[in-house]
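Architecture at a glance
Spelled out from the first residue to the last, the chains are:
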Protein chains: 2
Amino acid sequence: MDRTARRTESRYGNRPTMKDVAARAGVGLKTVSRVVNGEPGVTPDTERRVQEAIAALGFRRNDSARVLRKGRTASIGLVLEDLADPFYGPLSRAVEEVARAHGALLINGSSAEDPEREQELVLALCARRVDGLVVIPAGDDHRYLEPEIAAGVATVFVDRPAGRIDADVVLSDSFGGARDGVAHLIAGGHRRIGFIGDQPRIHTAAERLRGYRAAMEDAGIPVADRWMSLGVTDPERVRRAAEEMLTGPDPVTAIFAGNNRVTVTVIRVLAEQRRSVALVGFDDIELGDLLSPGVTVVAQDAAQLGRTAAERLFRQLDGATLLPERIELPTRLIRRGSGELPPAD
Amino acid sequence: MDRTARRTESRYGNRPTMKDVAARAGVGLKTVSRVVNGEPGVTPDTERRVQEAIAALGFRRNDSARVLRKGRTASIGLVLEDLADPFYGPLSRAVEEVARAHGALLINGSSAEDPEREQELVLALCARRVDGLVVIPAGDDHRYLEPEIAAGVATVFVDRPAGRIDADVVLSDSFGGARDGVAHLIAGGHRRIGFIGDQPRIHTAAERLRGYRAAMEDAGIPVADRWMSLGVTDPERVRRAAEEMLTGPDPVTAIFAGNNRVTVTVIRVLAEQRRSVALVGFDDIELGDLLSPGVTVVAQDAAQLGRTAAERLFRQLDGATLLPERIELPTRLIRRGSGELPPAD
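What counts and what doesn't
Residues numbered from 1 in each chain as written. Chains lettered and ligands numbered in written order. Predicted model: local features only at pLDDT ≥ 70, side-chain atom pairs only at ≥ 80, totals over all residues. Heavy atoms only, no water. Helix = DSSP H or I, 4+ residues; strand = E, 2+ residues; numbered from the N terminus. Contact = heavy atoms within 4.5 Å. Areas by Shrake-Rupley, 256 points an atom, 1.4 Å probe, with all protein chains shown as cover. Lys, Arg positive; Asp, Glu negative; His and termini not counted. Charge placed at Lys NZ, Arg CZ, Asp CG, Glu CD. Buried area = accessible area lost by both parts, 1.4 Å probe. Salt bridge = Lys/Arg side-chain N within 4 Å of Asp/Glu carboxyl O. Polar contact = N/O pair within 3.5 Å; in protein donor to acceptor, adjacent residues only side chain to side chain. Phe/Tyr/Trp six-rings, centres within 6.5 Å; stacked < 30°, edge-to-face > 60°. Buried < 20%, exposed > 50% of the residue type's maximum accessible area, 1.4 Å probe, protein only. Lys NZ or Arg CZ within 6 Å of the ring centre and 35° of its normal. Least-squares fit on C-alpha atoms with pLDDT ≥ 70 in both. Pairing = 2+ DSSP bridges. Axes fitted to C-alpha atoms, helices over the stretch in contact; angles between N-to-C directions. pLDDT = per-residue confidence, 0-100. Domains from an automatic or database assignment. Parallel < 35°, antiparallel > 145°, perpendicular 65-115°, else oblique. Nonpolar A, V, L, I, M, F, W, Y, C, P; charged D, E, K, R; others polar. Left-handed = near helix turned anticlockwise from the far one by under 90°. Right-handed = clockwise from strand over helix to strand, strands pointing away.

Some thoughts on the overall build of chain A
Counting secondary structure elements, chain A contains 13 helices and 12 strands. Overall, chain A is about 85 × 35 × 30 Å in size when its C-alpha atoms are taken along their principal axes. For chain A, the share of sequence-separated contacts (at least 6 apart) that also reach a separation of at least 24 residues comes to 68%. Total accessible area computed for chain A in this model is approximately 14,300 Å², and 48% of it derives from carbon and sulfur atoms. Both charge centroids of chain A, one from 47 positive and one from 50 negative side chains, sit 5 Å from each other.

Focus on the interface of chain A and chain B
With 49 residues of chain A in contact, the opposing surface of chain B contributes 48 residues. Buried area between chain A and chain B, summed over both chains or domains, comes out near 4,300 Å², and the portion from carbon and sulfur atoms is 53%. Joining chain A to chain B, the criterion identifies eight salt bridges. At the junction of chain A with chain B, the criterion picks out 16 residue pairs in polar contact (both at pLDDT 80 or more). When residues of the side of chain A that touches chain B are traced back to their parent elements, those giving at least two are helix H1 (2–13), helix H4 (44–57), helix H6 (88–101), strand S2 (104–110), helix H7 (115–127) and helix H12 (260–271) of chain A.

A few points about the packing of aromatic side chains
In this structure the tally under the stated criterion is six aromatic pairs over all chains. Measuring from ring centre to ring centre gives 5.2 Å for phenylalanine 87 of chain B and tyrosine 88 of chain B, while their planes differ by 65 degrees; the resulting arrangement is edge-to-face. By relative accessible area, which is 3% here, tyrosine 88 of chain B ends up buried. An aromatic cluster is defined as three or more aromatic residues linked by ring pairs; in this entry it consists of Phe195, Tyr212 and Phe256 of chain A. Above the face of the phenylalanine 175 of chain B ring, arginine 210 of chain B is positioned so that its terminal group lies 4.0 Å from the ring centre.

Thoughts on the relation of the copies chain A and chain B
When chain A is brought onto chain B, the operation consists of a screw motion whose angular component is 180 degrees and whose axial shift is 0.1 Å, with 0.2 Å RMSD remaining. Within this description, the copies of the chain are treated as partners about a two-fold rotation axis. In this assembly, 98% of the residues forming the interface of chain A have copies in chain B that are likewise at the interface, indicating an isologous arrangement.

Here we look at the sheet that holds strand S10 (residues 296–299) of chain B
All names here are of chain B. Spatial ordering of the open sheet is given by S7-S6-S8-S9-S10-S12, a layout of six strands whose pairing is mixed. Strand pairing shows two members of the sheet lacking a second neighbour, strand S7 (228–230) and strand S12 (332–334), which therefore form its edges. Shown here is a sheet whose adjacent strand axes are inclined to one another by a mean of 15 degrees, direction ignored. Sheet analysis places strand S8 (residues 254–257) next to strand S9 (residues 278–282), joined by four bridges and oriented parallel. Considered in S9, the bridge of alanine 257 is made with glycine 281. Relative to the sheet, helix H9 (residues 174–187) contacts strand S6 (193–197), S8, S9, S10 and S12, its axis offset from that of S9 by approximately 170 degrees.

What to know about the confidence of the model for chain A
Residue and element names in this part refer to chain A. When pLDDT is averaged along chain A, the result is 89, and 90% of the positions lie at 70 or above. Across residues 1–14, where pLDDT falls below 50, the model places 19 contacts with residues more than four positions away in sequence or in other chains. Note that pLDDT drops below 50 for residues 62–72; the model gives that stretch 30 contacts with residues more than four away or on any other chain. Our summary of model confidence lists the complex with pTM equal to 0.80 and ipTM equal to 0.79.

Considerations on the domain arrangement of chain A
Here chain A is partitioned into domain 1 (18–61), domain 2 (73–171 + 302–328) and domain 3 (174–300). Placing a centre on the C-alpha atoms of domain 1 of chain A and another on those of domain 2 of chain A gives a separation of 31 Å.

Let's talk about the packing of helix H3 (residues 29–36) of chain B against helix H4 (residues 44–57) of chain B
Residue and element names in this part refer to chain B. Where H3 contacts H4, the two axes come as close as 10 Å, and the packing angle between them is 85 degrees. With respect to each other, H3 and H4 are oriented roughly perpendicular. Across the interface between the two elements, Thr31, Val32, Val35 and Val36 from H3 touch Thr46, Glu47, Val50, Gln51 and Ile54 from H4. Taken together, the residues of the contact of H3 with H4 break down into five nonpolar, three polar and one charged.

Regarding the packing of helix H2 (residues 18–25) of chain A against H4 of chain A
Residue and element names in this part refer to chain A. At a closest axis distance of 9 Å, the pairing of H2 and H4 adopts a crossing angle of 120 degrees. The orientation of H2 with respect to H4, classified from their angle, is oblique. Here H2 and H4 pass one another in a crossing that is right-handed. Taking contact as the criterion, the partners of Asp20, Val21, Arg24 and Ala25 in H2 are, on H4, Arg49, Val50, Ala53, Ile54, Ala56 and Leu57. For the contact of H2 with H4, the class distribution of residues is seven nonpolar, no polar and three charged.

Section: the pattern of salt bridges
Applying the stated criterion across every chain yields a total of 41 salt bridges over all chains. For aspartate 159 of chain A, the salt bridge identified is with arginine 160 of chain A, shortest N-O distance 3.8 Å. By relative accessible area, aspartate 159 of chain A is classed as buried at 4%. Residue classification places arginine 160 of chain A among the buried positions, given a relative accessible area of 4%. We note a salt bridge from arginine 312 of chain B to glutamate 325 of chain B, for which the minimum N-O separation is 2.9 Å. Here glutamate 325 of chain B lies in the loop between helix H13 (302–317) and strand S11 (326–329) and arginine 312 of chain B lies in helix H13, a separation of 13 residues in the sequence.

Concerning the pairing of strand S2 (residues 104–110) of chain B
All names here are of chain B. Most of S2 sits out of view: seven of its seven residues are buried. Relative to S2, strand S1 (residues 74–80) is paired through seven bridges, and the arrangement is parallel. Paired with serine 75 across the two strands is leucine 105, which belongs to S2. Viewed along the sheet, the connection from S1 through helix H6 (residues 88–101) into S2 turns out right-handed.

Here's the deal with the sheet that holds strand S10 (residues 296–299) of chain A
In a beta sheet, neighbouring strands pair by backbone hydrogen bonds and run either parallel or antiparallel. Residues and elements named next belong to chain A. Here we have six strands laid out as an open sheet, ordered S7-S6-S8-S9-S10-S12, and mixed in their pairing. Strands with a single pairing partner mark the edges of an open sheet, and in this sheet they are strand S7 (228–230) and strand S12 (332–334). Across the sheet, the mean angle separating the axes of adjacent strands is 15 degrees when strand polarity is ignored. Most of the contacts of helix H11 (residues 235–246) go to strand S6 (residues 193–197), to which it runs at about 170 degrees, and overall it touches S6, S7 and strand S8 (254–257).

If you want it as structure tokens, here you go:
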């Protein structure tokens, strides 16, 4: 890993240009351009000289905007954090549709929520000549991307912000969405409300917890530590967390689930309870409206996140000079029954 | 597209070896190996000569097994047909886990069910030096892959077979699963049973229709044309198909849904019906057990499909000499209520 990173960095540090290639091969710039772009009008011998100069200098074409405009097989990369999370399905497809509309291929990979793997994957995609990257980051330090960005790789972060670099970011309003969802439970008469979320180092999890705390504080409700549980979202951990909140002293009468992976497990736990417990989940879930009760959710527009990020990426690739921007999309509370159940006591 | 394919083919047709590079550069094979593998012990001048020979010959390292064994950043590609279909989530993650266990990165892409795009993506991944490919094919002619396979790119098809080439294939038993699911409805007293499936050119859709027909024929039930509807699985088309079967003369009392995308829409349509209509769906769906009634399904093991395909791929990459094999995984009927509803008339 470190070795790859260093090697990539040094290759970019002193990036050779087409002019360098022309000088070394003893040909004009137009000839290099023809070879690089696979255009006719170059003798085999000249082409070989240019190719040798390209190899000797380690030249890598990366003037992405031009490549795209010519309609060649350009490509962009998408770095997810979990291939099996249905939230990323519509997001990925939206990125793909924008890429296709721009004549570019989309190549994906997953960090599996591992910052080292994210870096490895990002650099591997850069080494494979993607013109730009849409990144759902797992890590919180993206300085490793600086040489790539300097070398012209367009970059947009989505769902979670970049760490320690200036970059375009497209997010949902996790804080506001969670605050509204919890306030909705409070308005329904609940005071003992649990929060089950993803690992606290994940930006969206931290923001949603902050939203929960803000709603409780706004209502003057003191929060017990045992009402908050953050950690991995596998079913066993979430089940244990929910069961602990539902038993013992001061059991919760409502649960706010921090994302769709948490929600599906909490639905299962609540289906086994004798008393009715209210539930609001962050993220919509498929068929959530057909369950009994229907699942009240704070919905994000996953497709719109992907579309916005990809369109921003292609604006960068089209050569627009843009200052890094943070775009925050609103969430939407959808009432379906589970969030409108009154407190059982 | 054609241009890319042709260019790739000619590059592979007469594939240069390390020996060719050594001869051209006037160095020993070991020296070429050192340069190719980034090992020390080569002077800058010699390295440049080797690099120039590599460029001149168009040499591309592809002795994948060795690369993998050395623990370098090897990679494999996965070609999906739909980024947003939840069926591919566990399959993709299983491929990724096997790749990681072998020290390889996984790079994905989607054909969006377009054969041309599949070919474009496969060749783009090969050009980006993946060691092997797991392909869920959209097309039915994969001869374009022959030069890549000859050049050492390991290839396994999954979920659907390869067309017009010999290749490893890992499938679920679509025919047997559908036949069993429909036979289950017949055993429950149904005779007017509808089948709604994906486009007939898709192998799994055709096989499942064949299973439906076989079960009906085994029971001596003549099938009306209007009970069978194949086409794209978008909600509008599926809804129309279901509503047509449920109204008019000889309305169906049960529906067999050909995949999970069809099932979720049929569930919605049936929830709006006054009479109860039985349903068996191919593929399990999340929370299907918590709906009312629970959804009876013919479940495939998507993760096992992915794992089997990826493990087969790495056996190829490890240098095992294998004859192309067709591996078929069994399906499992899970009774949850919707498939056990009796005929309404």
